[in-house]
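# Residue-level structure breakdown
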Amino acid sequence: ELKVEQNPLFLSMQEGKNYTIYCNYSTTSDRLYWYRQDPGKSLESLFVLLSNGAVKQEGRLMASLDTKARLSTLHITAAVHDLSATYFCAVANTGNQFYFGTGTSLTVIP
Amino acid sequence: DGGITQSPKYLFRKEGQNVTLSCEQNLNHDAMYWYRQDPGQGLRLIYYSQIVNDFQKGDIAEGYSVSREKKESFPLTVTSAQKNPTAFYLCASTQGSAYNEQFFGPGTRLTVL
């Protein structure tokens, strides 16, 4: 079974600071997804990373994928309060089954 | 607008009852999925279906059943055999191609009284 680990599980950061969330997975996969979830809401797709070295950026968020290290990072630049949410990474296997990390709960403090 | 709908948004069930959660998509996606999310946890796969009239068990299928009679619909029944069904249930779909992301419905929050 493919296992996905995220760290940290909880992150409290001040506005304007930078930080990185890490996502490690246990077996080979070239498909890595990042999602955002607001409290009581569903998941919203942020990034789809499909190859080694892929980097995608949207606003203050940037995601990257290193398939050799089985590692993806979600970097937050100059955090703002609106980024407070829970962030999940997910990895898909060849059978199109998706495995999710436990999530990183981000709180941005003014 | 294309998307995934789930109903009801909130559902209350008495112990011993079966309940069915609805999931409909008009995205013409081939694959559909059901996940369970407990407070402060990630998503765990209950069942998934790659094509009509076919579905596979996920990691926590015990106490649940599904059907896929139409491409657009993938209802989930929570049976009385599911010992702890109180959770947030999310339905998702993806196009059949291997590299497509999942799109999620708004979720159903089930509470057992």
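Right, let's walk through the structure included here. What you see is a predicted model, and the numbers here were worked out from it, not measured in a lab.

This paragraph deals with the overall build of chain B. Scanning chain B from N- to C-terminus turns up zero helices and eleven strands. By the compact-globule yardstick of 13 Å for 113 residues, chain B fits well, its C-alpha radius of gyration being 13 Å. The buried share among the 113 residues of chain B stands at 48%. A separation threshold of at least 6 residues defines the contact pool for chain B, and within that pool the share at least 24 residues apart is 53%. Surface accessibility of chain B: about 5,500 Å² in total, with carbon and sulfur atoms responsible for 48%. The distance from the centre of the 11 positive side-chain charges to the centre of the 11 negative ones in chain B is 8 Å.

Residues and elements named next belong to chain A. In this sheet, strand β5 (residues 43–49) lies alongside strand β4 (residues 32–37) in antiparallel orientation, the contact comprising six bridges. Opposite L32, over in β5, you have L49 as the bridge partner. Here β4 folds back onto β5 in antiparallel fashion, the turn holding five residues, of which G40 has a positive phi close to 75°.

All names here are of chain B. Applying the stated criterion across every chain yields a total of four salt bridges over all chains. With a closest N to O distance of 2.8 Å, D38 and R44 form a salt bridge. The exposure class of D38 is buried, given its relative accessible area of 15%. Residue classification places R44 among the partly exposed residues on the basis of a relative accessible area of 39%. Through salt bridges that share partners, R36, D38 and R44 make up one connected network.

Throughout the structure, instances matching the rule amount to two disulfides over all chains. Here C23 of chain A connects covalently by a disulfide to C89 of chain A, the sulfurs 2.0 Å from one another. Looking down the S-S bond of the C23 of chain A and C89 of chain A bridge, the torsion is 85°, so its handedness is right-handed. Of the two residues, C23 of chain A sits in strand β3 (residues 19–25) while C89 of chain A sits in strand β9 (residues 85–92), which places them 66 residues apart along the sequence. We note that C23 of chain A, like C89 of chain A, is buried. Each sulfur in the disulfide pair C23 of chain B and C91 of chain B lies 1.9 Å from the other. Looking along the S-S bond of the C23 of chain B-C91 of chain B disulfide, the torsion reads about -70°, which is the left-handed sense. Residue C23 of chain B is found in strand β3 (residues 19–25), and its partner C91 of chain B is found in strand β9 (residues 87–94); the two are separated by 68 residues along the sequence.

Thresholds applied
- Residues numbered from 1 in each chain as written.
- Chains lettered and ligands numbered in written order.
- Predicted model: local features only at pLDDT ≥ 70, side-chain atom pairs only at ≥ 80, totals over all residues.
- Heavy atoms only, no water.
- Helix = DSSP H or I, 4+ residues; strand = E, 2+ residues; numbered from the N terminus.
- Rg over C-alpha atoms; globule rule 2.2 N^0.38 Å.
- Buried < 20%, exposed > 50% of the residue type's maximum accessible area, 1.4 Å probe, protein only.
- Contact = heavy atoms within 4.5 Å.
- Areas by Shrake-Rupley, 256 points an atom, 1.4 Å probe, with all protein chains shown as cover.
- Lys, Arg positive; Asp, Glu negative; His and termini not counted.
- Charge placed at Lys NZ, Arg CZ, Asp CG, Glu CD.
- Pairing = 2+ DSSP bridges.
- Salt bridge = Lys/Arg side-chain N within 4 Å of Asp/Glu carboxyl O.
- Disulfide = S-S within 2.5 Å.

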